[in-house]
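Structure at a glance
The residues making up each chain are set out below.
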Amino acid sequence: MVKLRAKTLANLEHRQVIATHICVAQCCNICFTIYLGNLRLTLKMRTSSIALKEWAVAVDTLGAGQQIIILRKGGIHREDKDFKIIHPEFLLFPTYEHQKVDLIKPHFRPALETSFNQNVNSKVVTMSKWCKVTDVFELRDSQTLQNLSRFHLWTDGYAQKRLHWRPKNPLTVAFLRVFELLKPLVVPVLDRYNGCKSWVDLGKDLSLGDMTPILPGDEYEQRALVIKESLIRSELTKTPDKAR
């Protein structure tokens, strides 16, 4: 049986439904103080030193508000074989080497071509999206994953393949509230960024500057609720044999 452990700040009641649901807290900001005559002002400057690698077409789809979830599984490297959302906030680091047309639903294939056209200089990476993780689900059930199909750009075949890769490990479904940086960050691609790894430590705090949410808060919450309800319905409609 697939289980969900739901936690909120106001309610620590556990519910067994689908998967492991993890609420995460916000990261700290850098604070500094300026003085204008007798007036003292303390300002917060949001920064980030962590990025998550994701297909460029997925980054663009998230940035267009067409999708608010990502599906992740551990990679081939030992350090990345058990993927976990270990950072509650991060930049999105677009990658190009693994995305292929036959792994993307037809509706999103024009965006795939556009993303390849953006990859003009492999020596730098441009990061224009920053996000907060609002919810995390860990799935082990094929039917539950199938019920998420309309909420993401990957083909059903590819999504199921990721689920069954290293079958002892769950597939992570992360809900992302995405923000657009008004001034994208252009960062040199260091050798240590390369390879099949999920998380990239950028080595220093980068100032994010001004940013705008891709979706208004109310719209994001409503769309997230629809997806969560789909997950819950999937568990409730299972036959007893399938639920065991």
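Computed from a predicted model, the values in this text were never measured in an experiment.

Overview of the environment of Tyr 220
- Note on placement: Tyr 220 falls in helix 5 (residues 217-236).
- A relative accessible area of 2% places Tyr 220 in the buried class.
- Distance from Tyr 220 to Gly 65, taken between C-alpha atoms, is 9.1 Å for residues 155 residues apart in sequence.
- Once residues lying within four places of it in the same chain are set aside, the contact partners of Tyr 220 are Ile 68, Thr 134, Phe 175, Leu 176, Arg 177 and Leu 215.

Considering unusual backbone geometry
- With a phi angle near 50 degrees, Arg 166 is a residue other than glycine that sits in the positive phi range.
- Within the secondary structure, Arg 166 is located in the loop between helix 4 (156-164) and strand 7 (171-188).
- Residue Arg 166 is classed as partly exposed on the basis of its relative accessible area of 30%.

Notes on the environment of Leu 176
- Structurally, the position occupied by Leu 176 is in strand 7.
- Sequence separation between Leu 176 and Trp 130 is 46 residues, and the spatial gap between their C-alpha atoms is 9.3 Å.

Let's talk about the nonpolar core
- By size, the foremost hydrophobic cluster in this structure holds 44 residues, and its most contacted members are Phe 90, Trp 154, Phe 175 and Leu 176.
- For this core, the secondary-structure elements that each account for two or more residues are strand 3 (47-55), helix 1 (56-63), strand 4 (69-72), strand 5 (89-95), strand 6 (124-139), helix 4, strand 7 and helix 5.
- No other element matches the 6 residues that strand 7 contributes to this core.
- Those residues in contact with Trp 154, other than ones at most four positions away along the chain, are Glu 54, Trp 55, Ala 58, Gln 67, Ile 69, Ile 70, Leu 71, Leu 103, Ile 104 and Lys 105.

The rules behind these values
- Residues numbered from 1 in each chain as written.
- Predicted model: local features only at pLDDT ≥ 70, side-chain atom pairs only at ≥ 80, totals over all residues.
- Heavy atoms only, no water.
- Helix = DSSP H or I, 4+ residues; strand = E, 2+ residues; numbered from the N terminus.
- Buried < 20%, exposed > 50% of the residue type's maximum accessible area, 1.4 Å probe, protein only.
- Contact = heavy atoms within 4.5 Å.
- Core = buried A, V, L, I, M, F, W, Y, C linked by side-chain atoms within 4.5 Å.

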